[in-house]
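Take a look at the letters that make up each chain.
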Amino acid sequence: MNAWTHFFLGTPRRFLWTAAGLAAIFAAFRPDLAQRALFNILNAFLGAIAPLEGPVLGLAIVAFGLWIVFRPVRKNNKRRDSH
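Presented here is a report on the structure given in the accompanying data block.

Parameters at a glance
Residues numbered from 1 in each chain as written. Predicted model: local features only at pLDDT ≥ 70, side-chain atom pairs only at ≥ 80, totals over all residues. Heavy atoms only, no water. Helix = DSSP H or I, 4+ residues; strand = E, 2+ residues; numbered from the N terminus. Buried < 20%, exposed > 50% of the residue type's maximum accessible area, 1.4 Å probe, protein only. Areas by Shrake-Rupley, 256 points an atom, 1.4 Å probe, with all protein chains shown as cover. Salt bridge = Lys/Arg side-chain N within 4 Å of Asp/Glu carboxyl O. Patch = residues over 30% accessible without salt bridge, like charges linked within 9 Å, V, L, I, M, F, W, Y side chains within 5 Å. Contact = heavy atoms within 4.5 Å. Phe/Tyr/Trp six-rings, centres within 6.5 Å; stacked < 30°, edge-to-face > 60°.

Counting its secondary structure elements, the protein chain contains three helices and zero strands. Secondary structure elements of the protein chain occur, N-terminal to C-terminal, as α-α-α. Split into buried and exposed, the 83 residues of the protein chain put 2% on the buried side. For the protein chain, the accessible surface area stands at approximately 8,300 Å², while carbon and sulfur atoms represent 69% of it.

Written as structure tokens, this is what we have:
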């Protein structure tokens with residue numbers, strides 16, 4: 001691996017920054033293709049997590065309800081004076 005290849009692709013972090021930079025340059029020259037690519041990636045991601053939305057929301061509601069029921073009672077429960 002020569003010095004420049006190692007500099008741009010040597011570690012995973014450098015590879016991701018290089019890929020992000022190339023994607024930004026690509027988007028500057030061809031915004032229509034970049035928009036279509038991002039739209040396809042986003043649709044694929046949302047399609048993959050869509051079946052999980054219902055169960056995760058249900059578990060979140062149950063967890064919040066249990067937190068309300070079983071949260072510790074504060075000893076110094078100071079109430080405001082109602083004038």
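What follows continues from the structure just given.
Right, let's get into the pattern of salt bridges. Tallied over the full model, the rule gives one salt bridge. Between R30 and D32 there is a salt bridge, with the nearest N and O atoms lying 3.7 Å from each other. Classification of R30 as partly exposed rests on a relative accessible area of 40%. D32 gets classed as partly exposed once you look at its relative accessible area, which sits at 39%.

On the surface, a cluster of nonpolar side chains totalling about 670 Å² of accessible area is made up of W4, F7, F8, L9, F15 and L16. Elements with a contribution of two residues or more to the nonpolar patch: helix 1 (3-9) and helix 2 (12-29). The element best represented in the nonpolar patch is helix 1, accounting for four residues. If you trace the backbone, L9 turns up in helix 1. You can call L9 partly exposed: its relative accessible area is 39%.

This part takes up the side chain of T18. Position of T18 among the secondary structure elements: in helix 2. We classify T18 as buried; its relative accessible area is 18%. T18 has contacts with F8 and L9, leaving out every residue within four places of it along the chain.

So, on to the packing of aromatic side chains. Considering all chains together, one arrives at four aromatic pairs under this definition. Aromatic side chains W4 and F7 sit 6.2 Å apart centroid to centroid with 85° between the ring planes, which places their arrangement in the edge-to-face category. Here F7 and W4 lie together in helix 1, a separation of three residues that amounts to about one turn. The exposed category is assigned to W4, whose relative accessible area is 60%. According to the relative accessible area criterion, F7 is partly exposed, its value standing at 43%. Arranged with centres 6.0 Å apart and planes meeting at 20°, the rings of W4 and F8 form a pair that is stacked.

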